[in-house]
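Descriptive analysis of the structure
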Amino acid sequence: MKITVIGTGYVGLVTGTCLAEMGNKVLCLDLDENKIRILNEGNIPIHEPGLLEMVRRNVAAGRLRFTTSIEDSVAFGLLQFIAVGTPPDEDGSADMQYVTAAARNIGKYMTEYKVVIDKSTVPVGTADKVEAAMQEELVARNIDLPFSVVSNPEFLKEGAAIDDFMRPDRVVIGAEDERAIALMRELYAPFIRNHDRVIVMDVRSAELTKYAANAMLATRISFMNELANLADKLGADIEQIRVGIGSDPRIGFHFLYPGCGYGGSCFPKDVQALIRIADENDSGLKVLQAVEEANETQKHLLLHKIRARFGGDLSGKNFALWGLAFKPNTDDMRAASSRVVIQGLWEMGATVTAYDPVAMLESKRIFGEDPRLMYASSPMAALKNADALTIVTEWKEFRVPDFDAIKAALKTPTIFDGRNLYDPSQVRSHGIEYFAIGRR
């Protein structure tokens, strides 16, 4: 198939590259000339394990190309994936201007039947707006051309996106047009050869499914975070509790790990957007409102523990920070807990020395050249002249450290662990104070 992907952000670039990997001809469009320049030079503007090699392989094979030409992109693909950003507006709702603009451009330049696929996470009713925008452009051109609009939400995890796309646990297709459904089944057939994972539903249900999935996962995280905080008060151990409840097959173990709050480009944005959608339809989601409130509170938890241990005036103190990205295997710092921790430490007068395997460049872009934030070349280098260690991202290289070396390096051997990486008794046996989340 010939496929156009509009947008070369996280979703668009992964989608286009994985579709090309299966032998399709793919043209990716982005109006950001710098992004296209980076891609045409053989690099990628995001960090995702395995993606750079896959992009280069498919470009070399002639299956994957990049352009800034809207007219060329519309002419190229029978299937037109819209994978542009939908950032949160001031009121928390999804900003749809880029989706609408993409739809208008397709209507403006199309000359034959097209299947327009909403891949971006969009509010319920977006397919109707896409269809209306395209129809307006066709009427303005005084022509009548057939097209179909499909909702095909993505379920990609940052850090594991390629595996998620190449071996999906489900493919949701929201459509009523049989021709479009047949084309989508044909497109995804190579990805689901062992058994059919395609779920066909109406468009509005497909649009809501994406929001519902992320909201459910965010709810589990916030619930476990609040339960861990209660365990702290009661002298219970959240790790033992996690095993106890996760053993129930009705609950399972996924997303039962407490921490210092969720972040990234999806959960915070999608939870806010779904709350807004519900409010606009007089159907307030009280549980989800509590989920968001609990998460924002949780991001300050490490700061409360630091204040309780060292006091509110941290002038002259330096804290080592392990992890900047909102999760491992990505450089994404959108809504990351590290940003709250850094800002909070600054407000108490401390400086920070941070280490992250891939997100330090992104951190420099966010914070600029601030003398209160320094960067280290390794986890242990971050401990030099540090009073204590704070951990906010569960990178694998942090899992088995040399605790004796940590004790020797820190002025006040203390670890504030926002991801519960270690066994408390093991850490304390090395003479290190250890403050985790809900661990006895």
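Located above this text is the structure these notes cover.
What counts as what
- Residues numbered from 1 in each chain as written.
- Predicted model: local features only at pLDDT ≥ 70, side-chain atom pairs only at ≥ 80, totals over all residues.
- Heavy atoms only, no water.
- Helix = DSSP H or I, 4+ residues; strand = E, 2+ residues; numbered from the N terminus.
- Rg over C-alpha atoms; globule rule 2.2 N^0.38 Å.
- Buried < 20%, exposed > 50% of the residue type's maximum accessible area, 1.4 Å probe, protein only.
- Contact = heavy atoms within 4.5 Å.
- Axes fitted to C-alpha atoms, helices over the stretch in contact; angles between N-to-C directions.
- Left-handed = near helix turned anticlockwise from the far one by under 90°.
- Nonpolar A, V, L, I, M, F, W, Y, C, P; charged D, E, K, R; others polar.
- Phe/Tyr/Trp six-rings, centres within 6.5 Å; stacked < 30°, edge-to-face > 60°.
- Core = buried A, V, L, I, M, F, W, Y, C linked by side-chain atoms within 4.5 Å.
- Pairing = 2+ DSSP bridges.
- Right-handed = clockwise from strand over helix to strand, strands pointing away.
- Salt bridge = Lys/Arg side-chain N within 4 Å of Asp/Glu carboxyl O.

Before going further, it helps to spend a moment on the overall build of the protein chain. Counting its regular elements, the protein chain contains 17 helices and 14 strands. Taking 2.2 N^0.38 as the reference for a compact globule, 440 residues should give roughly 22 Å; the C-alpha atoms of the protein chain span a radius of gyration of 24 Å, in line with that estimate. Dimensions along the principal axes, computed over C-alpha positions, put the protein chain at roughly 75 × 45 × 45 Å. Counting all 440 residues of the protein chain, 54% fall into the buried class. Across the protein chain, the fraction of contacts at a sequence separation of at least 24, relative to all contacts at a separation of at least 6, is 73%.

For the rest of this paragraph, the subject is the packing of helix H11 (residues 267-280) against helix H12 (residues 286-298). Relative orientation of the contacting elements H11 and H12 amounts to 150 degrees, with a least axis distance of 10 Å. By crossing handedness, the relation of H11 to H12 is classed as left-handed. Residues Val271, Gln272, Leu274, Ile275 and Asp279 of H11 pack against Leu288, Gln289 and Glu292 of H12. Class assignment of the residues belonging to the contact of H11 with H12 gives a composition of four nonpolar, two polar and two charged.

Let's shift gears to the packing of aromatic side chains. By the definition in use, this model includes 13 aromatic pairs. With centroids separated by 5.4 Å and ring planes inclined at 80 degrees, the aromatic side chains of Phe165 and Phe191 adopt a geometry described as edge-to-face. Here Phe191 lies in the loop between helix H8 (178-188) and strand S8 (198-201) and Phe165 lies in helix H7 (residues 161-166), a separation of 26 residues in the sequence. You'll find Phe165 and Phe191 in the same group, each marked buried. With centroids separated by 5.1 Å and ring planes inclined at 15 degrees, the aromatic side chains of Phe416 and Phe435 adopt a geometry described as stacked. Of this pair, Phe416 sits in strand S13 (residues 414-417) while Phe435 sits in strand S14 (residues 433-435), placing them 19 residues apart in sequence. Using a relative accessible area of 26% as the deciding quantity, one classes Phe435 as partly exposed.

If you look at the biggest cluster of nonpolar residues, it comprises 56 residues, and the most contacted ones within it are Phe319, Trp322, Leu345, Ile415 and Tyr422. Here Ile415 is in contact with Leu389, Ile391, Phe403, Ile406, Val427, Ile432, Glu433, Tyr434 and Phe435, once residues within four sequence places are set aside. If you look at the next biggest cluster of nonpolar residues, it comprises 44 residues, including Tyr10, Tyr113, Ile162 and Ile192.

Turning our eyes to something else, we now look at the pairing of S8. Pairing between strand S7 (residues 171-174) and S8: four bridges, direction parallel. Paired with Ile173 across the bridge in S8 is Val200. In the classification by handedness, the crossover that spans S7, the intervening H8 and the parallel S8 is right-handed.

Attention now moves to the pattern of salt bridges. The full count for this structure, using the stated rule, is 24 salt bridges. Between Arg167 and Asp163 there is a salt bridge, with its nearest N and O atoms 2.3 Å apart. Judged by its relative accessible area of 60%, Arg167 falls in the exposed class. Notably, a salt bridge pairs Arg276 with Glu280, separated by 3.3 Å at the nearest N-O pair. Placement of the pair is Arg276 and Glu280 together in helix H11, with a separation of four residues, close to one helical turn. One continuous salt-bridge network, built from bridges that share partners, spans Arg104, Glu136 and Glu137.

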